[in-house]
Amino acid sequence: VLQLRLERCVGIVQSLTNGLSEREANDALTANVCKGPQQHEEVCLGLFSLVLTEPTQAQRCYRDLTLLNRDGMNVVLVKINQILMEKFLKLQDIPRTQLVWLIRELVKSGVIGADGVVMTLLKQIAGGDISTKNLWLAEGVLDILLDQKEWVLKSGMLIAMSVYTYLRLIVDHGAPNLLILRQKEVDYCISMLREKFMECQIIGRDLVRLMQNVARIPEMELVWKDLLHHPQVLSPQFTGVLQLLTARTSRKFLACRLTPDMETKLLFMTSRVRFGQQKRYQDWFQRQYLSTAESQSLRCDLIRYICGVVHPSNEVLSSDILPRWAIIGWLLTTCTSNVAASNAKLALFYDWLFFNPEKDSIMNIEPAILVMHHSMKPHPAITATLLDFMCRIIPHFFPPLESQVRQGVFNSLTFIMEKRVLAHLAPLFDNPKLDRELRSMLRERFPEFCSSPSPPTEVKMEEATSLEMDNNVLDKEDGCYDNTEAAFSDDEEEVLNKGKKREFRFHPIKEAVVEEPADITPWLDQLDDTMKEKVQQLQKTSDTETQCEVMQEIVDLILEEDFDSEQMSALASCLAELFKDHFRGDVLPDEITEESLEESVSKPVCLVFRNLVTMQEDNSGFSVLLDMLAEFYQKQPKIGYHLLYYLKASKAANGKMMLYESFAQATALGDLHTCLMMDMKACQEDDVRLLCYLTPSIYSEFPDETLRSGELLNMIVAVIDSTQLQELMCHVMMGNLVMFRKDSVLNILIQSLDWETFEQYSTWQLFLAHSIPLETIIPILQHLKYKEHPEALSCLLLQLRREKPSEEMVKMVLSRPCHHEDQFTTSILRHWASKYDDSLGEHIKAQLIKNNNQPRKRQSLRSSSSKLAQLTLEQILEHMDNLRLSLSNSKNNFFTQTPILQALQHVQASCDEAHKMRFSDLFALAEEYEDSQSKPPKARRKAPASSPRSRKGAAPPTNNEEESASSSASVRKAVRIRTSCCFEQLLPVCPAAVKLCVCSSSCLLHFISLSKNIKTSKCFVCRLLPVY
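Remember, predicted model here, so these are calculated numbers, not experimental data.

Chemist: I would appreciate a short explanation of the overall build of the protein in the present structure.
Modeler: Helix and strand content of the protein: 58 helices and two strands. For the protein, with 1028 residues in total, the buried portion stands at 53%. Pairs at least 24 apart in sequence give 75% of the contacts found in the protein among residues at least 6 apart. When the accessible surface of the protein is summed, it comes to about 47000 Å², and 50% of that surface belongs to carbon and sulfur atoms.

Chemist: Can you help me understand the packing of aromatic side chains in this one?
Modeler: One pair of aromatic rings is described through two measures. These are the centre distance and the angle between the planes. Per the counting criterion, the structure on display carries 25 aromatic pairs. Between the aromatic rings of phenylalanine 355 and phenylalanine 415, the centroid separation amounts to 5.6 Å while the plane-to-plane angle is 45 degrees, which identifies the pairing as tilted. Note that phenylalanine 355 is positioned in the loop between helix H23 (338-349) and helix H24 (362-375) and phenylalanine 415 in helix H26 (residues 402-418), a separation of 60 residues in sequence. Just as phenylalanine 355 is buried, phenylalanine 415 falls in that class too. By the ring-pair criterion, three or more aromatic residues cluster together here, those being Trp284, Phe285, Tyr289 and Trp330. In this arrangement the basic side chain of arginine 96 is found over the ring face of phenylalanine 88, its NZ or CZ atom lying 4.8 Å from the centre. The ring of tyrosine 693 has lysine 648 sitting right over it, with the charged end atom 5.0 Å from the ring centre.

Chemist: When you look at the packing of H24 against helix H25 (residues 380-396) in this model, what are you seeing that I'm missing?
Modeler: Relative placement of two packed helices is described by the angle separating their axes and the distance separating the axes. One way to put it is that H24 packs onto H25 with a least axis distance of 7 Å and a crossing angle of 140 degrees. One way to sum up the angle between H24 and H25 is to call them oblique. Regarding H24 and H25, the two cross each other, and that crossing is left-handed. Mapping the contact onto sequence places Val371, Met372 and Ser375 in H24 and Pro380, Ile382, Thr383, Leu386 and Leu387 in H25.

Chemist: Honestly, the pattern of salt bridges in this entry has me stumped. Any pointers?
Modeler: A pair can form between side chains of opposite charge whenever their charged atoms are brought close. Taken as a whole and judged by the stated rule, the model has 43 salt bridges. Here arginine 304 and aspartate 206 are joined by a salt bridge, their closest N and O atoms 2.8 Å apart. Residue arginine 304 is located in helix H20 (residues 298-308), and its partner aspartate 206 is located in helix H13 (residues 205-214); the two are separated by 98 residues in the primary sequence. On the accessibility criterion, arginine 304 (2% relative accessible area) is buried.

Chemist: Can you walk me through the packing of helix H31 (residues 529-540) against helix H32 (residues 544-559) in this structure?
Modeler: Running from N to C, H31 and H32 cross one another at 160 degrees; their axes reach a closest spacing of 9 Å. Between H31 and H32, the angle is such that the two are roughly antiparallel. As H31 packs across H32, the resulting crossing turns out to be left-handed. For the pair H31 and H32, contact is made by Thr530, Met531, Lys534, Val535, Gln537 and Leu538 and by Gln547, Val550, Met551, Glu553, Ile554, Leu557 and Ile558, respectively. Residues belonging to the contact of H31 with H32 are distributed by class as follows: eight nonpolar, three polar and two charged.

Chemist: Mind showing me how you'd approach the state of the cysteines here?
Modeler: One way to say it: the disulfide is the covalent bond shared by the sulfur atoms of two cysteines. Taken as a whole and judged by the stated rule, the model has zero disulfides. Here cysteine 335 stays free of any disulfide, with the sulfur of cysteine 300 as its closest cysteine sulfur at 7.8 Å.

Chemist: Can you walk me through the nonpolar core in this structure?
Modeler: One finds Trp352, Ile369 and Phe429 to be the most contacted residues of the largest nonpolar core, which totals 173 residues. The element contributing the most residues to this core is helix H10 (residues 156-170), with ten residues. Setting aside anything within four residues of it in sequence, one finds tryptophan 352 in contact with Ile365, Ala368, Ile369, Met372, Met390, Gly408, Val409, Ser412, Leu413 and Ile416. Ranked by size, the runner-up nonpolar core spans 144 residues in total, among them Phe583, Tyr660, Phe663 and Val810.

Chemist: I tried to follow the environment of arginine 801 on my own but got confused; where do I start?
Modeler: Assignment of secondary structure puts arginine 801 in the loop between helix H46 (790-800) and helix H47 (807-814). The residues touching arginine 801, leaving out its near neighbours within four places in the chain, are Ile828 and His831.

Chemist: Just checking my understanding: could you explain H31 for this structure?
Modeler: Since the α-helix packs 3.6 residues into each turn, any two residues three or four apart lie on the same face. In this model, H31 (twelve residues) spans 16 Å end to end at C-alpha, consistent with the 16 Å of a helix rising 1.5 Å per residue. For H31, the complete set of buried residues consists of Met531, Lys534, Val535 and Leu538. The buried residues of H31 occupy an angular sector of 100 degrees when projected down its axis, which confines them to one face. Every exposed residue of H31 that faces more than 90 degrees away from the buried side is listed here: Asp529, Glu533 and Lys540. In the core, the buried residues of H31 are packed alongside helix H30 (521-524), H32 and helix H33 (568-578).

Definitions and limits used
- Counting from 1, residues in each chain are numbered in the order their sequence is written.
- A pLDDT threshold of at least 70 governs which residues receive local features in this predicted model, and a stricter bar of 80 or more applies before side-chain atom pairs are shown or counted, although totals over entire chains, interfaces and linings include all residues.
- Note that the side-chain values use all heavy atoms of the structure and ignore hydrogens as well as water.
- Secondary structure elements are taken from DSSP: a helix is a run of H or I of four residues or more, a strand is a run of E of two residues or more, and numbering for both begins at the N terminus.
- Type-normalised accessible area, obtained with a 1.4 Å probe on protein chains alone, sets the label of each residue: buried when under 20%, exposed when over 50%, and partly exposed for intermediate values.
- By definition, residues are in contact when any of their heavy atoms lie within 4.5 Å.
- To measure how exposed things are, a 1.4 Å probe is used in the Shrake-Rupley method; for residues, cover is taken only from the protein chains shown.
- Centres within 6.5 Å are what make two rings of Phe, Tyr or Trp a pair, Trp counting through its six-membered ring; a difference in plane orientation under 30 degrees is then read as stacked, over 60 as edge-to-face, and the rest as tilted.
- Only when the NZ of Lys or the CZ of Arg is both within 6 Å of the ring centre and within 35 degrees of the ring normal is a charge said to sit over the ring.
- In this description, a line fitted to the C-alpha atoms serves as the axis of each element, helices being fitted only across the stretch in contact, and the angle between N-to-C directions of two axes falls anywhere from 0 to 180 degrees.
- The scheme is simple: roughly parallel for angles under 35 degrees, roughly antiparallel for over 145, roughly perpendicular for 65 to 115, oblique for anything else.
- The hand of a helix crossing depends on one turn: near helix anticlockwise from the far one by less than a right angle means left-handed, and clockwise means right-handed.
- Only one rule defines a salt bridge in this text: a Lys or Arg side-chain nitrogen within 4 Å of an Asp or Glu carboxyl oxygen.
- Ten residues, namely Ala, Val, Leu, Ile, Met, Phe, Trp, Tyr, Cys and Pro, are considered nonpolar, four, namely Asp, Glu, Lys and Arg, are considered charged, and the remaining ones, Gly among them, are considered polar.
- The criterion for a disulfide is a pair of cysteine sulfur atoms lying within 2.5 Å.
- For the purposes of this section, nonpolar cores are sets of buried Ala, Val, Leu, Ile, Met, Phe, Trp, Tyr and Cys residues that join through side-chain atoms within 4.5 Å.
- Here, expected helix span is obtained from the residue count minus one, scaled by 1.5 Å.
- This arc is built from the directions going out from the helix axis to the C-beta atoms.

And the structure:
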């Protein structure tokens, strides 16, 4: 399609210029360009195509292009970017060469936006590739940067991107025949690092990684030493290498080292290919990009990209799509160079070394832990080498920062546990498949993670498929990372994950747990004989009814006055171990009835809840049982949402939901909000049905904790399906559930803008189920950007079309910035104009007059100091002009309304010439209105007094020229006076008399006496019209 369009544009240019001289051809093209935007684009693209295909005409065509374009070369820049991203690999040699030449000329000309094109061109230089074409491109772009250095220094992002690119490429250009090119690259990078280090600093920690790889080159070694030991030499604001290492590298830089084709294929594999069907895709990728010795260095780029850029959505995470850890495992197992393998492992763990939970993302560190976890069975050597690397990197990465690296790795492991990527690390760190020395080193380095109170019951993984499903894959040799064939198209469209920043969630996967007898020996000896006997009795019986009886006896022992509270922790550990089966599986019955609910809360562990419910808070036993429950909570966190379920489902606990608040205060957390959110999060991960079941009660009983922020709402909409969403909406409409209140709804909706698409749509559906006036949340419009927030905009648009426009609504709609791709404001204004034209007209008039009367300087200062968009006169006029164009082909009479035309007149009278010129078509409506108002008589006054000549004592005009000269001024004055003229008596007889009612002639009054004679179809007055 692109090629056909460019060929058609070339044909148009050639048809306009064939047989003409250069001057005549230029005139013909200029005349065609002036016809309209379409002709302008066709001529520009035709000349652009000739530059690419006709080297002999390139200079002349580029000169014509610079003279004829009217948009700052925007059409050409967009097309260059499109070719670079989609078609560059398929270009023949001549168009490829000419494209680089054209980009060089654009840079020379200082075209705005050329830096973006150069950065896209940098992306086409492949890492790990020393083919002739790739080397030619690397050198060609470098020459542009060196020749136009002053231009480069004006763009901080281009400086950083080019330094990142060539620091990486230097590694590939170590062969003797490439030393000249490598030296040019080294010189360029050194000059930028020394002259513009603060611009390079935005790269973040990966700048250190790249410089470390080239630090052995003598010239680079000097910069490396300054970076480590004399940071002030590079920049007075640079405090040291730690400043770089603690800054996460932006995904822009990580992505720039993969060509668009590589990026497309990787994104395709991580979003479309099913786990177990990836072998063919991996083989294709291997042949295309990883088949040469030089390509080993590309693996680092791929791993850094997968960790830092490929962050799958929740839908992908919960599907059987190929997970990131499997691709990384494949890259590691196919690595043939020891140096490349070591660099690949560093790339995988690089974000661990200085990990900060407040700044860094769990998604950056999650692939490494999952590669080790999943490789333990099929590839234990991979797990062992990664664990060994993790231990040894701490003291050896940079000895002066050993403590910081140790803390970073510790933070990573802690965060992995908190986010429950893995439930426990002990099975990984203390696995029998690891050799004794490595296990000893792990215990020495990470003693906190090498033991757990009980075997792991769940793991959180990137793919949400059962391990049982994967067993047939994992049992095969290398099956973890490749398998059966599938289809792969070389021309697959790029799959871009332009997602918004979001918190990723890992859904639980039930492991096939081998049941083992509960081992409570370590804690039994800490109990007194009576309690010990009851606990052992509880351990031996499997009958639920008997267990309940024994459990009640244990509770009675706890409530006795002589109960030793020091036994509490040991007893809680015993109960947590004995009842661990009670916390597996679903809690809520499949069919919810009174009988099934009562049966579900008849487990032994619920005996503690039942006793608490029946006690008074001032009872001494009440606090003892709460302390017991708090100890249990430390051993088994799921007890929290089980208590919430009991208080909701049990008849005995009816109206006792506030008991949970006492429990929360008794825990180590000591805070209701924190405890509630943690328990609901655990419930979300384990049982979505139970989460939905508890939601109405949680919102109604704890409004201050649930309605003040969107934390709980986000948990809910992140996991519910459409059926559960509909059920919640029904609860809202029946009055059983309130999820929003006026004082906080706006803030919650603003928070939701960072959530995923389905989460946002669900949030808006729940909001619309409430009876909250739309005006409460209309200020959110100022936060919405048309490319980043389509979900909120579409929901608001549908809701606004049901509302009659108010002044505040119109103001907020008009305050949106104007952009040719953003149709929100125009679409809703058009709808209102067809349905509520009168009220919309009055509101727009009010805004026009209000903003026209504001001092320009004051308005500008206010808008520049505010982060939110301020409504300006220019904005209103732009939206009005867009609305005018939208209504131009319809029969809508919105712009014939008097309030709109009066407001436009008011603005036109006081605005500057630039605005009059820019909105000339809009103001033309006001002028037409002014002319039309000149027809009916307006001023009830004597004719001579309305004439400028009569005020000077001059005789009334006696010829056409004199009369027409005074008429224009009189017309305008009559319109402004807006009074009635006695000559209106003639209007019903003949419309032509309109021109006479505002005429300056002194004979107007004379015609009134003749009006009685006008009874025939031919008007007497019409005979005299030519005179006036």
